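Examination of the molecular architecture
Spelled out from the first residue to the last, the chains are:
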There are 2 protein chains.
Amino acid sequence: MASSNLLSYAIIGTGAIGGYYGARLKQAGCDVHFLLRSDYEHVKNHGLVVESIDGDFALAKVHAYNTPSEMPAVDIVIVALKTTHNKSLPDLLPLIKPGGAILSLQNGLGIEGAITQSLLDHSINVPTILGGLCFICSNKVSPGHIRHLDYGKILLGTHDDSNQLCEAAPLLESLAADLQRAKIPIDTTLDLPMARWQKLVWNVPYNGLSVVLDATTEEMMADKGIRALITTLMEEVVNIANAWGEHISPGSQRGVSADVITQMITHTETMAPYRTSMKIDYDEGRPLEIEAIVGNPIRTAAAVKVAVPAMTMLYQQLSFLNERNRAQ
Amino acid sequence: MASSNLLSYAIIGTGAIGGYYGARLKQAGCDVHFLLRSDYEHVKNHGLVVESIDGDFALAKVHAYNTPSEMPAVDIVIVALKTTHNKSLPDLLPLIKPGGAILSLQNGLGIEGAITQSLLDHSINVPTILGGLCFICSNKVSPGHIRHLDYGKILLGTHDDSNQLCEAAPLLESLAADLQRAKIPIDTTLDLPMARWQKLVWNVPYNGLSVVLDATTEEMMADKGIRALITTLMEEVVNIANAWGEHISPGSQRGVSADVITQMITHTETMAPYRTSMKIDYDEGRPLEIEAIVGNPIRTAAAVKVAVPAMTMLYQQLSFLNERNRAQ
């Protein structure tokens, strides 16, 4: 199946995101290797099943592993773990071919820097680090069974250690070609950090409040007070992003336009009722990605002296609920 | 039983508060008349049962009514309804003897003013209005059955329409004597509005967050972030109180000391785990006293130009949860 022009992939974390995109790449003929934990036996024996608005498909046989040391060297390691597991990432990496890269498909802020640091802490050579922001509704409904409900685009960018604009890494063109062949819509950005900030404008209010209020996007949008609160939280994120942009690249006008707030609210009104990823994690008793999505932005706010009272309260509430949920 | 020196009472709302204090007054020999709704038949036939840390007792026979027009004229009407029912108060009042008074034992801000206004709206002569702040843990566990768990003091003051310091109404001395005879500890204040503000310093964070976080006081106090959030909310209440004090009585130093925050937090740490009254209302599917406890203070904050971002967010969250709870 695989043509020699295609890249090889390791998927670290074969869940809603890694499972879906990995299966699509495999379906398109790429050489894809899946690292699994609890679902290893099932996927090794039965492969992957994908229900998708873009067409259902099954992969009866996939390369499944439960130890990274048994995996072959690959061009691209796709990290699709929850950020709460990033501390163990150095122990989960297979070998990366010369000129290869790590692509994080994780949510939140400071992701690529944290991956870089964890590799350095383990004296591992740091390859090119790419970031991909996934605009997708997808769930893992049972072992090896992914349900892709809506959207699917990935916004790709290359990480720069000093957070400046960054030209696309040489590998990114081949990656983009593979993704397109795999029916995954893509877009690219030179400003990966600001793209992350922009995604946080949505993620902070909707992920956070969905857990605190036990609510879907639809229920929140139907309430006037919660709409106002969502706007307040979005404004705080935009304020930090713009202050940080000015701090890191003075005079550059790097930032997030306030228009994004209206666009996101209008867009969310027309979405199907949606249980956010943080709410799914909460309902499943998994740790919440609070630090990547709310904690890191709040710490940036403190560094650039922006007041974020609503985000601070949200963080305190989420931390309490997460602790209690984990203890139960 | 009743001595001619004692006052006569009507209890409007025979629940956790009205049931307890009314039963204590009756036990002490006062002439007490209880207005009831759903518990009318039960209490008419079986009287009231009080389990109390200060001694259990039962009143096999009490004057029970389901229509205020059948009640005799009394010296003091004790209003112990939830503030959410205050709109119907004018229809629930019995006659008040000349020189009599209405005593509100309700929580929150703007209570006495709202009662005054609702009487005026119904062209009812406005008697002396007294306010009593109840520092008590008590629940109604079944019809006519009150469980008094802790504390019990009432802080009494006389309402002044322009919110100035107010000398005790003539009736207040007799009322205080009756309450003391009924084993109800009392204290008095000339500054009823500021006493209400001070009580809000506790009620806003603990009542509000207990509903949003589904938590007891003990669970909240065990979490560092929630302790910080409680402090933030308390600071906002103190800030409004002090700005309002200066606004209403310039140069008077009327206000709430910031020391109250530390005292209340220290005190709450030593309390038994406590489900707040708002949480009980929420769990029982009853409307929450959001406007009296959070909404009115926020509107005062706007009037005196004090920023209250945490209280605003709390209000938005509570309003959402209350609406959904009522719809279910």
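Let me begin by describing the structure that accompanies this report. Since this is a predicted model, take the numbers as computed values, not measurements.

Of the two same-sequence chains, chain B is brought onto chain A (RMSD 0.0 Å, axial shift 0.0 Å) by a rotation of 180 degrees. Such a combination of turn and shift is consistent with a two-fold rotation axis. A share of 100% of interface residues in chain B that are also interface residues in chain A marks the association as one of identical surfaces.

In this section: the environment of B:Val126. All names here are of chain B. Its location among the elements puts Val-126 in the loop between helix H3 (111-121) and strand S8 (128-142). Along the chain, Val-126 and Ile-115 lie 11 residues apart, while their C-alpha atoms are 9.0 Å from each other. Excluding anything up to four places from it in sequence, Val-126 contacts Thr-116, Leu-119 and Leu-120.

All names here are of chain B. Over its 12 residues, helix H8 (residues 259-270) extends 17 Å from the first C-alpha to the last, a length consistent with the 16 Å expected when each residue adds 1.5 Å. Along H8, the positions that sit buried rather than exposed are Val-260, Ile-261, Met-264, Ile-265 and Thr-268. Along the axis of H8, the buried residues cluster in a sector spanning 130 degrees; they form a single face. Residues of H8 that are exposed and angled more than 90 degrees away from the buried face: Thr-262, Gln-263 and Thr-270.

Let us now look at the interface of chain B and chain A. Taken together, the contacts link 21 residues of chain B with 21 residues of chain A. Per-residue buried area on chain B facing chain A is highest for B:Met313, B:Gln316 and B:Phe320; these three make up 35% of the total on that side. For the interface between chain B and chain A, the tally reads 2 salt bridges. A:Glu219 is paired through a salt bridge with B:Arg324; the nearest N and O atoms lie 3.7 Å apart.

Right, let's talk about the side chain of A:Thr276 for a bit. All names here are of chain A. Within the element layout of this structure, Thr-276 appears in the loop between helix H8 (259-270) and helix H9 (277-283). By relative accessible area, which is 0% here, Thr-276 ends up buried. Excluding residues within four positions of it along the chain, Thr-276 makes contact with Trp-202, Tyr-206, Asn-207, Ser-210 and Thr-217.

A few words now on unusual backbone geometry. Most peptide bonds are trans, and most residues other than glycine sit at a negative phi. All names here are of chain A. Despite not being glycine, Tyr-151 has its phi angle at roughly 55 degrees, a positive value. For Tyr-151, the location among the structural elements is in strand S9 (residues 145-158). In the Ramachandran plot, Lys-305 falls in the positive-phi region, its phi being about 60 degrees despite a non-glycine side chain. Position of Lys-305 relative to the elements: it lies in the loop between helix H10 (290-303) and helix H11 (309-327). Relative accessible area serves as the criterion here: at 75%, Lys-305 is assigned to the exposed category.

What follows concerns the packing of helix H5 (residues 192-212) of chain B against H8(B). Residue and element names in this part refer to chain B. At their nearest, the axes of H5 and H8 sit 10 Å apart, and the two run at 55 degrees to each other. On the basis of their axis angle, the class for H5 and H8 is oblique. Here the hand of the crossing between H5 and H8 comes out right-handed. For the pair formed by H5 and H8, the contact residues are Gln-198, Val-201, Trp-202 and Tyr-206 on the first element and Val-260, Ile-261, Met-264, Ile-265 and Thr-268 on the second. Taken together, the residues of the contact of H5 with H8 sort by class into 7 nonpolar, 2 polar and no charged.

Criteria and thresholds
- Residues take numbers from 1 onward in each chain, read along the sequence in its written order.
- Key to labels: chains lettered from A, ligands numbered from 1, both in the order written.
- pLDDT decides what is reported in this predicted model: residues at 70 or higher carry local features, side-chain atom pairs at 80 or more are listed and counted, and totals for whole chains, interfaces and linings draw on all residues regardless.
- By convention in this description, side-chain values take in all heavy atoms of the structure and omit both hydrogens and water.
- To superpose the copies, least squares is applied to the C-alpha atoms of every residue with a pLDDT of at least 70 in both.
- Any pair of residues with heavy atoms lying within 4.5 Å of one another is described as a contacting pair.
- For the purposes of this entry, the term helix denotes a DSSP run of H or I that reaches at least four residues, the term strand denotes a run of E that reaches at least two, and both are numbered from the N terminus.
- Expected span, for any helix, means 1.5 Å times one less than how many residues it has.
- Relative accessibility under 20% of the residue-type maximum defines a buried residue, over 50% an exposed one, and the middle range a partly exposed one, all with a 1.4 Å probe and only protein chains included.
- Arc, as used here, means the arc of the directions from the helix axis to the C-beta atoms.
- Buried area: the accessible area, evaluated with a 1.4 Å probe, that two parts lose upon being put together, summed over both parts.
- For salt bridges, the criterion is a side-chain nitrogen of Lys or Arg within 4 Å of an Asp or Glu carboxyl oxygen.
- Only C-alpha atoms enter the line fits that serve as axes; for helices the fit covers just the stretch in contact. Angles between N-to-C directions range over 0 to 180 degrees.
- An angle counts as roughly parallel when it lies under 35 degrees, as roughly antiparallel when it exceeds 145, as roughly perpendicular when it falls between 65 and 115, and as oblique in every other case.
- For any helix crossing, the convention is left-handed if the near helix is rotated counterclockwise from the far helix by under a right angle, and right-handed if that rotation is clockwise.
- For this classification, the nonpolar set comprises Ala, Val, Leu, Ile, Met, Phe, Trp, Tyr, Cys and Pro, the charged set comprises Asp, Glu, Lys and Arg, and every other residue, Gly included, is treated as polar.

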